[in-house]
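Descriptive structure summary
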Amino acid sequence: MTAPNLYTHTSVLLDEAIEGLAVRPGGLYVDGTFGRGGHSRALLDRLSAQGRLLGFDKDPEAIRVGAELAAEDGRFVVIQRSFADMAEELRQRGLHGQVDGVLLDLGVSSPQLDDAERGFSFMHDGPLDMRMDPTSGQSAADWINSAAEADIATVLKEYGEERYAKRLARAIVGRRAEQLFTRTADLAEVVKVANPAWEKHKHPATRAFQGIRIFINRELDDLAEGLKAALDVLAPGGRLVVISFHSLEDRMVKQFMRREAKGAPLPRDLPIRAADIEVSINLVGKAIMPSATETATNPRARSAVLRIAEKRP
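Turning our eyes to something else, we now look at the nonpolar core. Counting residues in each nonpolar core, the largest one holds 32 residues, and the members touching the most others are I152 and I212. Mapped onto this core, the elements with two or more residues apiece are α6 (140-144), α7 (149-158), α8 (165-176), α9 (184-194) and α10 (206-216). Leave out the neighbours within four places in its chain, and I212 touches M130, A140, W143, I144, V155, L156 and L187. Grouped together as the second largest cluster of nonpolar side chains are 28 residues, I79, L223, L231 and M257 included.

This is the structure we're talking about:
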């Protein structure tokens with residue numbers, strides 16, 4: 001296992017996220033994506049002795065860091081589950097519907113990207129894995145070496161938003177017929193050679209790796225389930241704060257919040273007043289982007305978008 005102190009993580013939109021939660025010192029909060037605990041520690045700084053914080057994560061290394069924090073601070077508990085399972089977990093703990101705020105900081109963390117052994121990055125050669133939890137599920141190598149060409153193309157197009165998905169899938173399947181993929185650098189090179197149009201300042205394998213990672217970890221499925229679960233566990237007046245890092249995530253968050261803020265769509269000719277339509281949340285402010293200062297010091301923040309909603313009474 002790679003020494004944990006070799007990799008650091010700078011929390012994106014940290015101050016804005018904590019402000020967006022409108023923290024109540026004695027409240028109950030959920031950090032759905034603990035990571036390395038940047039947001040959790042900032043939250044704990046705002047809580048009184050009566051406050052409580054639950055952190056969720058699938059990554060065993062994140063759980064190790066969380067266990068250390070829990071040993072230091074009795075107000076914190078870390079749970080190795082997807083945030084999509086938070087409603088079930090909180091129901092089991094008798095805390096369902098009592099949460100004052102839920103924070104979701106989506107995507108992959110810097111330590112995961114920077115640790116070559118995790119297989120997330122095309123910038124560092126390592127085993128082609130990409131799993132948030134390396135102990136469960138199918139690795140990227142297992143999938144890429146067995147999936148049908150059409151399925152690979154679909155993943156690259158739908159999750160990676162890759163224009164040349166079919167061409168790249170064809171190249172991947174052609175190469176694996178000669179030699180199976182086991183390393184990130186190998187896959188990145190095949191994609192690089194097959195990609196006919198490189199985007200400026202972006203590695204030609206960026207979209208392909210994004211698509212595969214999202215698929216392997218069910219990230220969009222977890223997000224859809226997690227947004228519903230968050231709304232379910234919140235108390236009236238509780239806040240939901242979500243930080244997204246690519247258009248697919250942000251689109252889902254934006255559409256979910258708008259839908260819940262407007263209520264279920266009704267036929268235009270139905271004789272009902274707008275005030276009588278049942279809505280579950282209020283939108284709080286507009287989408288927040290990182291400042292120029294933050295993106296200059298942390299380039300990985302440049303695509304981040306933060307959105308806030310508050311559960312109605």
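There's more to say after this.
Turning to a positive patch on the surface, a few remarks are in order. Together, K157, K166, R167 and R170 make up a positively charged patch on the protein surface. Position of K157 among the secondary structure elements: in helix α7. By relative accessible area, K157 is classed as exposed at 57%.

With respect to the helices and strands, the residue L44 is situated in helix α2 (residues 38-46). Assessed through its relative accessible area of 4%, L44 is described here as buried. Sequence-wise, L44 and L234 are 190 residues apart; in three dimensions their C-alpha atoms are separated by 18 Å. Leaving out residues up to four positions away in the same chain, L44 has contacts with L53, L69, D73, R75 and F76.

What follows deals with the packing of aromatic side chains. Using the criterion set out here, one finds four aromatic pairs in the structure. Between W143 and F215 the ring centres are 4.8 Å apart and the planes differ by 45°, which places this aromatic pair in the tilted class. You can see W143 sitting in helix α6 and its partner F215 sitting in helix α10, a full 72 residues away along the chain. You can call W143 buried: its relative accessible area is 6%. Within the aromatic cluster, the residues linked to one another by ring pairs are W143, Y159 and F215. Just above the ring of F181 sits the side chain of R175; from NZ or CZ to the centre is 4.4 Å.

Parameters at a glance
- Residues numbered from 1 in each chain as written.
- Predicted model: local features only at pLDDT ≥ 70, side-chain atom pairs only at ≥ 80, totals over all residues.
- Heavy atoms only, no water.
- Core = buried A, V, L, I, M, F, W, Y, C linked by side-chain atoms within 4.5 Å.
- Buried < 20%, exposed > 50% of the residue type's maximum accessible area, 1.4 Å probe, protein only.
- Helix = DSSP H or I, 4+ residues; strand = E, 2+ residues; numbered from the N terminus.
- Contact = heavy atoms within 4.5 Å.
- Patch = residues over 30% accessible without salt bridge, like charges linked within 9 Å, V, L, I, M, F, W, Y side chains within 5 Å.
- Areas by Shrake-Rupley, 256 points an atom, 1.4 Å probe, with all protein chains shown as cover.
- Salt bridge = Lys/Arg side-chain N within 4 Å of Asp/Glu carboxyl O.
- Lys, Arg positive; Asp, Glu negative; His and termini not counted.
- Charge placed at Lys NZ, Arg CZ, Asp CG, Glu CD.
- Phe/Tyr/Trp six-rings, centres within 6.5 Å; stacked < 30°, edge-to-face > 60°.
- Lys NZ or Arg CZ within 6 Å of the ring centre and 35° of its normal.

Everything listed is a geometric property; what it means functionally is a separate question.
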